[in-house]
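Survey of secondary and tertiary structure
If you want the building blocks of each chain, they are given just below.
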Number of protein chains: 2
Amino acid sequence: MATQQIDTQQDYVVPTKQQAVAHPLCPLSGEEISQASAIIRSSWPAHTDLRFKTITLNEPAKKEFVPYLDAEHAGQPLPKLDRKVFVAYYIRNTDRFHEAVVNLSNGKIEFNARLGANVHGNADYDEILQVEEKTLNNEQVKAAIAKLQLPKDAVVTCDPWIYGSDGNKDDDRLFQVFIYMRDPQNPNELDSNHYAFPLPITAVFDAASLEILSVDWLPTGADAEVRQPPTYTPVPANEYIGEYQTPRTDLKPLSVIQPEGASFTLTPVGTTGHTLEWQKWHMRIGFNQREGPILYDVRYDGRPLFYRVSLSDMNIPYADPRAPFHKKSAFDLGDAGAGAMANNLQLGCDCLGHIAYLDGTVSDDKGSPVLLENAICIHEQDGGIGWKHTNYRTGRAAVTRSRELVIQTIITVSNYEYILAYQFNTAAEFHYEVRATGILSTQPIDHSLDKVGVPFGTVVHPGVLAAHHQHIFSLRIDPMLDGSHANRLVYSEAHPMPLDPKLNASGHGYTVTETQVTESSGLDLAPQHNRIFKIQNTQSRNPINNQPAAYKIMAPPFQPILSHPSSYNFKRAEFADHAIYSRGGTGVRAWADRKDNVLDQDIVVWVQFGINHVPRIEDFPVMPCEVLKVMLKPVNFFERNPAGDVPMSEQRINNSTLVGGNHQQGAGVTTTVGDCCASDEEKPTSKL
Amino acid sequence: MATQQIDTQQDYVVPTKQQAVAHPLCPLSGEEISQASAIIRSSWPAHTDLRFKTITLNEPAKKEFVPYLDAEHAGQPLPKLDRKVFVAYYIRNTDRFHEAVVNLSNGKIEFNARLGANVHGNADYDEILQVEEKTLNNEQVKAAIAKLQLPKDAVVTCDPWIYGSDGNKDDDRLFQVFIYMRDPQNPNELDSNHYAFPLPITAVFDAASLEILSVDWLPTGADAEVRQPPTYTPVPANEYIGEYQTPRTDLKPLSVIQPEGASFTLTPVGTTGHTLEWQKWHMRIGFNQREGPILYDVRYDGRPLFYRVSLSDMNIPYADPRAPFHKKSAFDLGDAGAGAMANNLQLGCDCLGHIAYLDGTVSDDKGSPVLLENAICIHEQDGGIGWKHTNYRTGRAAVTRSRELVIQTIITVSNYEYILAYQFNTAAEFHYEVRATGILSTQPIDHSLDKVGVPFGTVVHPGVLAAHHQHIFSLRIDPMLDGSHANRLVYSEAHPMPLDPKLNASGHGYTVTETQVTESSGLDLAPQHNRIFKIQNTQSRNPINNQPAAYKIMAPPFQPILSHPSSYNFKRAEFADHAIYSRGGTGVRAWADRKDNVLDQDIVVWVQFGINHVPRIEDFPVMPCEVLKVMLKPVNFFERNPAGDVPMSEQRINNSTLVGGNHQQGAGVTTTVGDCCASDEEKPTSKL
């Protein structure tokens, strides 16, 4: 990696006035983004055209920030931390990719290096539109399209993909462009679902030269052979937008009403930061181009839980082994950015109830700020019954409802959508929920195979194949349980006790064992043993049972990446081969392989989860949400049920409505606090 | 099994007028329960005192009912089916347990047999109260309690348990009674949580002789040794009811408003039956003493899916290997009954929105009907975003919400609660949700172990141990996909393709295989292979891709029963050792072992799921709900996303409220159908 001399950079520094920053973790303001790009630009000879990929806060290192955090919560004087910016950029229309760190506090460039071969930047919006435009206007592409004899009004469109790798002449930064058309019967519909009309043509685009390197026919049979493409056979459209449906008319409105308003308090910090208080929870909300919303300094009832939580990346490798489909392996955060792709969320469309919205600010390719309006929404939702017990002797029922706080962002990655939500509840649980929806990435298949199929995909429409693919998410959790940065990862398992004439003659006994993770490593789930991973602070003991303060990680069943360990998919997806990764540093597989000691160290835990998406025809033209949840729950962290103080669920608060008349309701309807749900009729009917 | 002569029974028949029954699957009316018990009583010499355990509908066999069902939906004349009742009863205060079938249509007893040794009936409410009363008044018990030198105002109470088995002198029908006291500082509180005050005394009660067979000290150490019990050391109370909490005051009300009412139509059938129509779903709702709510004839958009669905049973084996705890292994449906234990659900306490309630009718121990008011509640709930896609080229977003219909019952089994819900949604999915809550079954532990613990339980309060235990549920599914009773169970798995220079040189390819289940058997989950079980009708093919109409079963990760295969726990829990059981008949492990051919037969599938509950101190005094879901989803059953016709999510319908002012909302707020959520600001901000 050839690093440019830092010293020589100093000549190019643009003087900048010291910024007063509200908090070191506030996202960059538009002004800061402009300053950073100006400083980088100034480090190059005049008229050097730069393409900026990322301009985002360079967060203070933990060792610098922890003293600030401690002082902040102790109400003591705050140490001064320089404001730094991470910048990734190209010399425009070249392969010369740089990373830099700009110190806005002194206007200096602290680091500025050209990265080596095979290190590529993310795509950006303007670039994608440029690739589309150049591809569709390319003569070779037009000639290929002409061979298909499409209907005369057909409108062709395309989806550029960041090129995956098989190590075969793909060192340069390339795009694979898949070509589609809109419904030829309705070519003026800008929102026609073109995924129902994939064309058997693909182009490879060089991001440096902006040239099309090749135009190829796609394999459309059951094997890798590329045949002379058949001329287009008409198929029906398969639209998802409202005006092409006959909407069901019997779904009556359902609204969420919060007569006293929302229960959360959102406090702006400077122009870009926010803290959030809700039901004993405290956290700071950040946002960047790559990760989207980030949570810092998450506390419950004043007790620290997590230093930082974010979605680290995701990988979507596809099952079709044939070129060029074998290169479909998206990294939606690294290739594009969960912040950059955030939807503009609209009131009453994406959530119910009382909703707050936060904007985000990212950089465009020219280094100018772009405001992402309503990139994050925050609201509460009812979580169903939180806990209930009925005393069968007295018939008295005590019941509470669970309330959840949702911090949500929705990202569009070309065809797909991901609904990403941090969720907190009144039982001191933290959940991370992903809803996968959107449209399948499709490819053409010969009509002769419509009713035969192939083992690596599903026919979802005549002539349309949706290949199987895995969605593998990596959730990064940096814990600080009860204020300690020396945390321990363990896993417990339940195993039968050996038959023993004295202690276990019946063979009914079982015990729970606990195993310490002492080295950085990749670990797997084992539901057959009820394996549960826990993060512990062994210095903080439960006053009643002396167990270490802990949060357990409940991750959904996970099939690790299926790509061969020798493959480029496997090499590139450094997190995708184990459900749990742990180490005391800042990375994943390679770092874990260092076998660092992690016992009671400053660990970070990456939780991998996902789905192997074997498409159903029901997933087309747009798929019903597939919901995944990682849950972190306290284990011997509190002294009793932390939801024990949630007020009883009562009709005078809930205002529910009775449907149908021939019905008896007991005393519970007119209620006294703490005795909501007991009924005069209860005793004879509440049996056992 | 000695069966009494049927013929001789005829002499005892009580003449009864033919009943006009609205539908053969309507639950028994109170009058029918009384008739059945009268007919059984009449078959015995006068003054024979019978104790009735169950009087419930004896459902017509499938081979008799299917022609009725077909005629019903074809609008053809209905075959006449006799109305029959299943009765289980004892000669009171003996071990003589009988099962009988009474034909109400002709007033005859068709079957009446005394069952053999080790076949015991369920407990009933009056019996449990009787066991409590006799135990607490027993002189031996009182003498043992006196030894503990409890505070003078202490009020002692107890929990009777159906005795488990280790094959050691436990052939008789016995109860194990665990003894507790209320908070001695507050002995008049009828709803004091006595599980915080377990006493080291247990009694064994004979249900036939109504005698206490033994009174024993419990082991309270780390081993099986029973020491001289220490005198009582005061510990604080740990109450769950509202008046003993300091409720949080900042949780603001959240109500669900349905201005046009509920979207479902509930139609009474006779005096006890109901059909339910909602969002293309159709089903018939039944109810009985053992299973609680039962669903029959479940259809979507007129297409048959399930002939019958119910919770078959659950098993809760405990981990403590020491006598008498090793006998704690509850079968909450078989031992007690999900219908008999149904809570009286109260408006605004157990659900939000527009709620309908259904009553249930069961028999008491004298053969008289008992009305269980509000045993079932039915309501809709919002399911979050159903699907969404944003076209990044136009910025236009299309988004819908998922709506769910919930048919819920809540059962109290002594200390525990289970919230059992059939859930249907607008994407043609059927979910079965269980929420486990309530209070842990506790036992005393020496204070010297409070901070040391034992490997088979968790200390949840000073001197209080909650033993680990498994909750293993068995969901019974009798499918009739697309009208066929010849269904196939298969499972698919995803496996890497072998490296192959021609087809899979990259090592990125993988395929999905499908395996047929040809013999009745017990099968396990294999998430590492993405194993997915599917029920198929191979005679009904998808018109587009020719795949068989199928529903897949998505079951949560499951640890089978940990009790040794030679143990009585294992022998008794015939379903608990595999996640999936399948056969062409009416039973589980023993039947599966028959290896019947089940390929394209009239199969039944039992789905086992559950949790290994390793108690946290956070689960006391009442546990936050642990939520489990089995999901059945269509796979190539429809031709496209069945939720494609759900109306767009729009502010004019949802009426959400904006929190905070400094905020931009785009065109989406004022909306046109089908274009809810696009914003004027969308384009520049919706990247990639």
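Note that the coordinates shown come from a computational prediction; the quantities given were computed from them, not determined experimentally.

What counts and how
- Residues numbered from 1 in each chain as written.
- Chains lettered and ligands numbered in written order.
- Predicted model: local features only at pLDDT ≥ 70, side-chain atom pairs only at ≥ 80, totals over all residues.
- Heavy atoms only, no water.
- Helix = DSSP H or I, 4+ residues; strand = E, 2+ residues; numbered from the N terminus.
- Rg over C-alpha atoms; globule rule 2.2 N^0.38 Å.
- Contact = heavy atoms within 4.5 Å.
- Lys, Arg positive; Asp, Glu negative; His and termini not counted.
- Charge placed at Lys NZ, Arg CZ, Asp CG, Glu CD.
- UniProt positions renumbered as here; feature names shortened; annotations may be inferred.
- Pairing = 2+ DSSP bridges.
- Axes fitted to C-alpha atoms, helices over the stretch in contact; angles between N-to-C directions.
- Expected span 1.5 Å × (residues − 1).
- Polar contact = N/O pair within 3.5 Å; in protein donor to acceptor, adjacent residues only side chain to side chain.
- Least-squares fit on C-alpha atoms with pLDDT ≥ 70 in both.
- Phe/Tyr/Trp six-rings, centres within 6.5 Å; stacked < 30°, edge-to-face > 60°.
- Buried < 20%, exposed > 50% of the residue type's maximum accessible area, 1.4 Å probe, protein only.
- Lys NZ or Arg CZ within 6 Å of the ring centre and 35° of its normal.
- Buried area = accessible area lost by both parts, 1.4 Å probe.
- Salt bridge = Lys/Arg side-chain N within 4 Å of Asp/Glu carboxyl O.
- Core = buried A, V, L, I, M, F, W, Y, C linked by side-chain atoms within 4.5 Å.
- Domains from an automatic or database assignment.

**Examining the overall build of chain A**
Along chain A, the regular secondary structure elements total 10 helices and 33 strands. The C-alpha radius of gyration computed for chain A amounts to 28 Å, which stays within 12% of the reference 26 Å derived for 688 residues, consistent with globular compactness. Summarising its shape, the C-alpha atoms of chain A cover approximately 85 × 65 × 60 Å along the three principal directions. When contacts within chain A are restricted to residue pairs at least 6 apart in sequence, those whose partners lie at least 24 apart make up 64%. Charged side chains in chain A number 60 positive and 81 negative. The centres of these two groups are separated by 4 Å.

**Here we look at the UniProt feature "domain: Copper amine oxidase N3-terminal" (unreviewed entry) in chain A**
In the numbering adopted here, UniProt assigns the feature "domain: Copper amine oxidase N3-terminal" (unreviewed entry) to residues 126-214 of chain A. What you have in residues 126-214 of chain A is 22% helix and 30% strand, and the ends, taken at the C-alpha atoms, are 22 Å apart.

**Observations concerning the sheet that holds strand 4 (residues 108-114) of chain A**
Residue and element names in this part refer to chain A. A sheet is described by the order of its strands in space; here four strands give the open sequence 1-2-3-4, paired in antiparallel fashion. In this open sheet, the two strands that pair with only one neighbour each are strand 1 (50-57) and strand 4. Averaged over all pairs of adjacent strands, the angle between strand axes in this sheet comes to 20 degrees, irrespective of strand direction. Where strand 1 and strand 2 (residues 84-91) come together, seven bridges link them in antiparallel fashion. Of the residues in strand 2, the one forming a bridge with Thr54 is Ala88. Those strands touched by helix 2 (residues 30-42) are strand 1, strand 2, strand 3 (97-103) and strand 4, and its axis lies near 135 degrees from that of strand 1.

**Brief notes about helix 4 (residues 125-136) of chain B**
With 12 residues, helix 4 of chain B extends 17 Å between its outermost C-alpha atoms, agreeing within 8% with the 16 Å of an ideal straight helix rising 1.5 Å per residue. The residue sitting at the N-terminus of helix 4 of chain B and contributing the capping side-chain oxygen is B:Asp124; that oxygen lies 3.1 Å from the backbone nitrogen of B:Asp126.

**So, the relation of the copies chain B and chain A**
With an RMSD of 0.0 Å, the operation that places chain B on chain A is a rotation of 180 degrees combined with a shift of 0.0 Å along the axis. Such a combination of rotation and displacement between the chain copies is what one expects of a two-fold axis. Minimal C-alpha distance to the rotation axis in chain B is attained by B:Val256, lying at 2.4 Å. When you check the interface residues of chain B against chain A, 100% turn up at the interface there too, and the contact is symmetric in its surfaces.

**With respect to the packing of aromatic side chains**
Counted according to the given criterion, the structure contains 52 aromatic pairs over all chains. Summarising the aromatic geometry, the rings of A:Tyr180 and A:Tyr195 are spaced 5.2 Å apart at their centres and angled 65 degrees between planes, so their arrangement reads as edge-to-face. In this pair, A:Tyr180 sits in strand 6 (residues 174-181) while A:Tyr195 sits in the loop between strand 6 and strand 7 (198-206), placing the two residues 15 residues apart along the sequence. Residue A:Tyr180 shares its accessibility class with A:Tyr195, and that shared class is buried. Note on B:Trp161 and B:Phe178: the rings are 6.4 Å apart at their centroids and 85 degrees apart in plane angle, and the pair reads as edge-to-face. Residue B:Trp161 is located in strand 5 (residues 156-162), and its partner B:Phe178 is located in strand 6 (residues 174-181); the two are separated by 17 residues in the primary sequence. For the residue pair B:Trp161 and B:Phe178, the accessibility class agrees, reading buried in each case. For the cation-ring pair, B:Arg303 lies above B:Phe638, with the distance from its terminal atom to the ring centre recorded as 5.5 Å.

**Let's talk about the interface of chain B and chain A**
Facing 208 residues of chain B, the contacting portion of chain A comprises 211 residues. Of the roughly 17800 Å² buried at the junction of chain B and chain A (both faces included), carbon and sulfur atoms supply 53%. Inspection of the region where chain B meets chain A yields 12 salt bridges. Close ionic contact of B:Glu626 with A:Lys633 constitutes a salt bridge, the shortest N to O distance being 3.2 Å. Between chain B and chain A we count 124 residue pairs in polar contact (both at pLDDT 80 or more) in total. The element contributing the most residues to the side of chain B that touches chain A is strand 17 (residues 369-390) of chain B, with 16 residues. Pairing analysis gives three bridges linking strand 16 (residues 354-363) of chain A to strand 33 (residues 657-659) of chain B, with the strands arranged parallel. If you follow A:Ala356 over to strand 33 of chain B, its bridge partner there is B:Val659.

**Quick notes on unusual backbone geometry**
Leave glycine aside and you will find that most residues have negative phi; peptide bonds, for their part, are mostly trans. The residue after A:Ala323, namely A:Pro324, is reached through a cis peptide bond having omega 0 degrees. Tracing the backbone through its elements, the reader meets A:Pro324 in the loop between strand 14 (303-317) and strand 15 (329-330). Across the junction of A:Phe620 and A:Pro621, the peptide omega takes the value 5 degrees, indicating a cis bond. Inspection of the secondary structure puts A:Pro621 in the loop between strand 31 (604-613) and strand 32 (623-635). Phi is positive for A:Lys595, close to 55 degrees, though the residue is something other than glycine. Here A:Lys595 is to be found in the loop between helix 8 (589-592) and strand 31. For B:Asn546, which is not a glycine, the phi torsion comes out positive at approximately 65 degrees.

**A word on the nonpolar core**
Within the largest apolar cluster, 138 residues are counted, with the highest numbers of intra-cluster contacts made by B:Trp281, B:Ile378, B:Ile407, B:Tyr418, B:Phe424 and B:Tyr551. Membership of the second largest hydrophobic core comes to 137 residues, among which are A:Cys158, A:Phe205, A:Leu405 and A:Phe638.

**Looking at the UniProt feature "modified residue: 2',4',5'-topaquinone" (unreviewed entry) in chain A**
Residues and elements named next belong to chain A. If you check UniProt for "modified residue: 2',4',5'-topaquinone" (unreviewed entry), the listed places come out as Tyr416 in our numbering. Exposure remark for Tyr416: the relative accessible area of 3% places this residue in the buried category. Ignoring any residue separated from it by four or fewer positions in sequence, one finds Tyr416 in contact with Tyr318, Ile411, Thr437, Gly438, Ile439, Leu440, His469, His471, His613 and Met623. Within the local environment of Tyr416, its side chain forms a polar contact with the side chain of His471, the two groups lying 3.2 Å apart.

**Focus: the pairing of strand 2 (residues 84-91) of chain B**
Residue and element names in this part refer to chain B. Counting buried residues along strand 2, seven of its eight residues qualify, which places the element largely inside the surrounding structure. As judged from the seven bridges shared by strand 2 and strand 3 (residues 97-103), these two strands associate in the antiparallel manner. Bridging across to strand 3, Tyr90 finds its partner in Phe97. The antiparallel hairpin formed by strand 2 and strand 3 contains five residues in its connecting segment, where Asn93 sits at a positive phi of about 60 degrees.

**Focus: the environment of A:Gln130**
All names here are of chain A. Mapped onto the elements, Gln130 comes out in helix 4 (residues 125-136). Classification of Gln130 by relative accessible area gives partly exposed; the value is 25%. For the pair Gln130 and Ala207, spaced 77 residues apart in sequence, the C-alpha separation works out to 9.8 Å. Residues in contact with Gln130, not counting those within four places in the same chain, are Arg51 and Leu210.

**Notes on the sheet that holds strand 6 of chain B**
Residue and element names in this part refer to chain B. On the basis of which strands lie adjacent, the open sheet formed by four strands has the order 5-6-7-8 and antiparallel pairing. The two strands at the open ends of the sheet, each matched to only one other strand, are strand 5 and strand 8 (211-217). With direction set aside, neighbouring strand axes in the sheet form an average angle of 25 degrees. Pairing of strand 7 (residues 198-206) with strand 8 involves six bridges; the strand directions are antiparallel. Bridging across to strand 8, Thr202 finds its partner in Asp216. Of the strands in this sheet, strand 5, strand 6, strand 7 and strand 8 touch helix 4, which is tilted by about 130 degrees from strand 5. Helix 5 (residues 139-147) rests against strand 5, strand 6, strand 7 and strand 8 of the sheet, and its axis sits at about 20 degrees to strand 8.

**Details of the environment of A:Pro543**
When you line up the elements, A:Pro543 lands in the loop between strand 28 (532-541) and strand 29 (548-554). Judged by relative accessible area, A:Pro543 falls into the partly exposed class, the value being 45%.

**Remarks on the domain arrangement of chain A**
Residues and elements named next belong to chain A. Here chain A is partitioned into domain 1 (30-114), domain 2 (125-217) and domain 3 (265-439 + 469-483 + 556-591 + 603-613 + 622-635). For domain 2 versus domain 3, the distance between C-alpha centres works out to 32 Å. Taken together, the 16 residues of domain 2 in the interface contact 16 residues of domain 3. Contact between domain 2 and domain 3 buries roughly 1400 Å² in total, counting both sides, with carbon and sulfur atoms accounting for 61%. Summed over the shared surface of domain 2 and domain 3, the number is three salt bridges. In this structure, the salt-bridge partner of Asp166 is Lys327, at a minimum N-O distance of 3.4 Å. Inspection of the domain 2/domain 3 interface yields six residue pairs in polar contact (both at pLDDT 80 or more). Taken together, the elements giving at least two residues each to the side of domain 2 that touches domain 3 come down to strand 5 (156-162) and strand 6.

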